[in-house]
Amino acid sequence: MAETSDPSLAKPRGARLRFFVPILAGANLRERLIACLGALIGVGLTGLVCGLTLGDDPHLPFLVAPIGASAVLLFAVPSSPLAQPWSIIGGNTLSAFAGFFVGQIIHEPMIAAGAGVAIAIAVMSLTRCLHPPGGAAALTAVLGGPAVAKWGVFFPLAPVALNSCILVALGILFHRLSRRNYPHVPAAAPVNVHGTADPPPSARVGFRKEDIDAALAKLGEVFDIDRRDIERLLQEVELQAIIRAHGNLSCADIMSRDVVAIRPYALREQAMSLLLQHNIRVLPVTDDGGRLLGAVGLRELARVDARIPDALYKPATASPSAPALSLLPLLVDGRAHAVLITDAGNRLLGLVSQNDLMSAMGRLLLRSAQSENG
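This write-up is about the structure you can find in this document. (Residues numbered from 1 in each chain as written. Predicted model: local features only at pLDDT ≥ 70, side-chain atom pairs only at ≥ 80, totals over all residues. Heavy atoms only, no water.)

### A word on the overall build of the protein
Worth spelling out the cut-off: Secondary structure elements are defined from DSSP: runs of H or I of at least 4 residues count as helices, runs of E of at least 2 residues count as strands, and each element is numbered from the N terminus. Using a 1.4 Å probe on the protein chains alone, a residue whose accessible area is under 20% of its type maximum counts as buried, one over 50% counts as exposed, and one in between counts as partly exposed. Contacts are assigned to residue pairs that have any heavy atoms within 4.5 Å of one another.
Helices and strands together make up the secondary structure of the protein, namely 15 helices and 5 strands. The 374 residues of the protein split such that 35% are buried. Taking the contacts inside the protein whose residues are at least 6 apart along the sequence as the reference set, 61% of them involve residues at least 24 apart.

Below is the structure:
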């Protein structure tokens, strides 16, 4: 059959190679190189430390094979729930115990192997430390070998638990130095900072937690991501879609340029007078060169003995070229009432208040409605 001449119907080259395309979201070359370096250091040092600790006993290996799989998770996907410290340590150790005891009870190797891995999954699930390499740890203990035969019930502790603890400690240090979030802590759900029963502003529109639960139930699949991370990802997707639609509107376009500011050596009474006189909630504090030092508000100045340098807090800032709508999460969280716009030298250029952003969004919505009706 002749090939179609319509290029739009031709099969993309990427589709032919789709099975070789990484499926991990956010997996770029830099992340993979960091993972390779982490595995090199982590596994190498784990073996070295265990070798020095356990000696040169030929019946006790300084590394067990599941540690290699644990290293892949720890360094390649550190945000995965399956790669957290308790998952690695508990998953490998408890699975090794499960495999050992199953091996003592069931003497048929094939049945024992299946039962060992199955029970390991059950134990890890009950103890909230599901870790795929734990299945290999259970299988190793079931099938036995010189190390298991000699060390018996202590095999899950040395070398399995010892390997796991050292690898996790090295992983925490490595990720700290590479400025990665590990152990991974999902973002906390937004709260109402005013202490009332209302949900926070960001949770009053758009999708809700129950929508995520309903979607997960509808799909009927298990995803290797924390549910709170799903919520944070979807919120960011919403924001990026808004920015894409109106990305040509920058902070410089809507910011107030005649900003009321004060010097750090001014009196507390002067600062309070400016806040009340101009009916503002954020008063930037700059040095004589116009560089931003911080900000104060009435709350920070409420103490009678407060001095401006003692009352400074770090305000939200953005560059003049940043998309104006990217400030939306900052200005609806109930904490920030304005975002200060600074240049590369930290000099104060302007300010975007909640009113500035609301006015700009109103104009955008009106323009969008007019274009739809026109």
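Once the structure has been displayed, the description carries forward.
### Considering the packing of helix H9 (residues 209-219) against helix H10 (residues 227-245)
Our working rule: Structural elements are reduced to axes, namely lines fitted to C-alpha atoms, with helices fitted over the stretch in contact, and the angle between N-to-C directions of any two is expressed from 0 to 180 degrees. Each angle gets one of four labels, with under 35 degrees taken as roughly parallel, over 145 as roughly antiparallel, 65 to 115 as roughly perpendicular, and the rest as oblique. Should the near helix be turned anticlockwise from the far one by less than a right angle, the crossing is left-handed, and should it be turned clockwise, the crossing is right-handed. Any residue outside Ala, Val, Leu, Ile, Met, Phe, Trp, Tyr, Cys, Pro, Asp, Glu, Lys and Arg is labelled polar, Gly included; the first ten of those are nonpolar and the last four are charged.
Across the interface, H9 lies against H10 with an axial gap of 11 Å and an inter-helix angle of 110°. Between H9 and H10, the crossing angle belongs to the class labelled roughly perpendicular. The interaxial crossing formed by H9 with H10 has right-handed handedness. Along the contact surface, H9 presents Lys-209, Ile-212, Asp-213 and Leu-216, while H10 presents Arg-227, Ile-230, Glu-231 and Leu-234. Tallied by class, the residues present in the contact of H9 with H10 amount to 4 nonpolar, no polar and 4 charged.

### Some remarks on the sheet that holds strand S5 (residues 348-353)
For the record, the criterion: Following DSSP output, two strands are said to pair if at least two bridges run between them.
Read across the sheet, 3 strands follow the order S3-S4-S5 without closing on themselves; strand pairing throughout is mixed. Only two strands of the sheet have a single neighbouring strand rather than two, namely strand S3 (317-318) and S5.

### Quick look at the pairing of strand S2 (residues 292-296)
Across the 5 residues of S2, 4 count as buried, placing the element largely inside the fold. Judged from the 4 bridges that link them, strand S1 (residues 283-286) and S2 form a sheet pairing that is antiparallel. Residue pairing in the sheet places Thr-286 in a bridge with Leu-292 of S2. Remark: 5 residues form the turn of the hairpin made by S1 and S2, two consecutive strands paired antiparallel; Gly-290 in that turn has positive phi of roughly 85°.

### Section: a nonpolar patch on the surface
For clarity, the cut-off: Patches in this entry comprise residues that are over 30% relatively accessible and not in a salt bridge; like charges within 9 Å are linked, as are nonpolar side chains (Val, Leu, Ile, Met, Phe, Trp, Tyr) within 5 Å. Surface exposure here means Shrake-Rupley accessible area, sampled with a 1.4 Å probe, where a residue is shielded only by the protein chains that are shown. Salt bridge, as used here: a side-chain nitrogen of Lys or Arg that lies within 4 Å of a carboxyl oxygen of Asp or Glu.
A contiguous nonpolar patch, built from Leu-37, Leu-40, Ile-41, Leu-45, Leu-48 and Leu-52 and spanning about 590 Å² of accessible area, is present on the exposed surface. Along the chain, Leu-48 turns up in helix H2 (residues 29-54).

### Things to note about the nonpolar core
Put simply, the rule reads: The set of buried Ala, Val, Leu, Ile, Met, Phe, Trp, Tyr and Cys residues whose side-chain atoms join them within 4.5 Å is what this entry labels a nonpolar core.
Core analysis: the largest hydrophobic core is formed by 20 residues, its most contacted members being Val-64, Leu-74, Phe-75, Ile-88, Phe-155, Val-160 and Leu-167. Mapped by element, the contributors of at least two residues to this core are H2, helix H3 (66-76), helix H4 (85-105), helix H6 (133-143), helix H7 (146-151) and helix H8 (156-177). Setting aside its immediate chain neighbours within four residues, Ile-88 contacts Ser-70, Leu-74, Ala-83, His-131, Ser-164, Val-168 and Tyr-182. Cys-251, Ala-324, Leu-325 and Val-339 belong to the second largest nonpolar core, which has 19 residues in total.

### Things to note about the packing of helix H5 (residues 109-126) against H6
Packing of H5 against H6 leaves a shortest axis separation of 9 Å and a crossing angle of 140°. The orientation of H5 with respect to H6, classified from their angle, is oblique. Like other packed secondary-structure pairs, H5 and H6 cross with a definite hand, here right-handed. The residues of H6 that touch H5, namely those facing Ala-112, Ala-113, Gly-116, Val-117, Ala-120 and Met-124, are Gly-134, Gly-135, Ala-138, Leu-139 and Val-142.

### Brief notes about H5
Short version of the rule: In a helix, the anticipated span is given by 1.5 Å times the number of residues less one.
Relative to the 26 Å expected for 18 residues at 1.5 Å per residue, H5 spans 25 Å between its end C-alpha atoms, a close match to the ideal helical length. Considered for burial, the residues of H5 that qualify are Ala-112, Ala-113, Ala-115, Gly-116, Ala-120 and Met-124. In the core, the buried residues of H5 are packed alongside H4 and H6. Downstream of H5 by a residue or two, Arg-128 has a phi angle that is positive, lying close to 55°.

### A few points about H2
The condition is simple: Pairing of N or O atoms within 3.5 Å defines a polar contact, subject to two protein rules: one partner must be a possible hydrogen donor and the other a possible acceptor, and residues neighboring in sequence count only if both atoms are side-chain atoms.
Taking 1.5 Å per residue, 26 residues should reach 38 Å; H2 reaches 37 Å between its end C-alpha atoms and fits that length. Residues Ile-34, Ala-35, Gly-38, Gly-42, Thr-46, Gly-47 and Cys-50 constitute the buried set of H2. Sitting at the amino-terminal end of H2 is Asn-28, which places a side-chain oxygen 3.3 Å from the backbone nitrogen of Arg-30. Where H2 ends, the next residue or the one after it, Gly-55, has phi of about 80°, a positive value.

### Some remarks on the packing of aromatic side chains
The condition that has to hold: Centres within 6.5 Å are what make two rings of Phe, Tyr or Trp a pair, Trp counting through its six-membered ring; a difference in plane orientation under 30 degrees is then read as stacked, over 60 as edge-to-face, and the rest as tilted.
Considering all chains together, one arrives at 3 aromatic pairs under this definition. Between Phe-75 and Phe-174, the aromatic rings sit 5.6 Å apart at their centres with planes inclined by 85°, giving edge-to-face as the arrangement. Taken together, the positions of Phe-75 in helix H3 and Phe-174 in helix H8 put the pair 99 residues apart, joining distant regions of the chain. Within the aromatic cluster, the residues linked to one another by ring pairs are Phe-97, Phe-100 and Phe-101.

### Here's the deal with the side chain of Ser-87
Positionally, Ser-87 belongs in helix H4. A residue is classified by how much of its surface remains accessible, and Ser-87, at 5% relative accessible area, is buried. Among the polar contacts listed, one links the side chain of Ser-87 to the backbone oxygen of Pro-81, at a separation of 2.9 Å. The contact partners of Ser-87, leaving out residues within four places of it in the chain, are Pro-81, Leu-82, Asn-92, Cys-129, Leu-130 and His-131.

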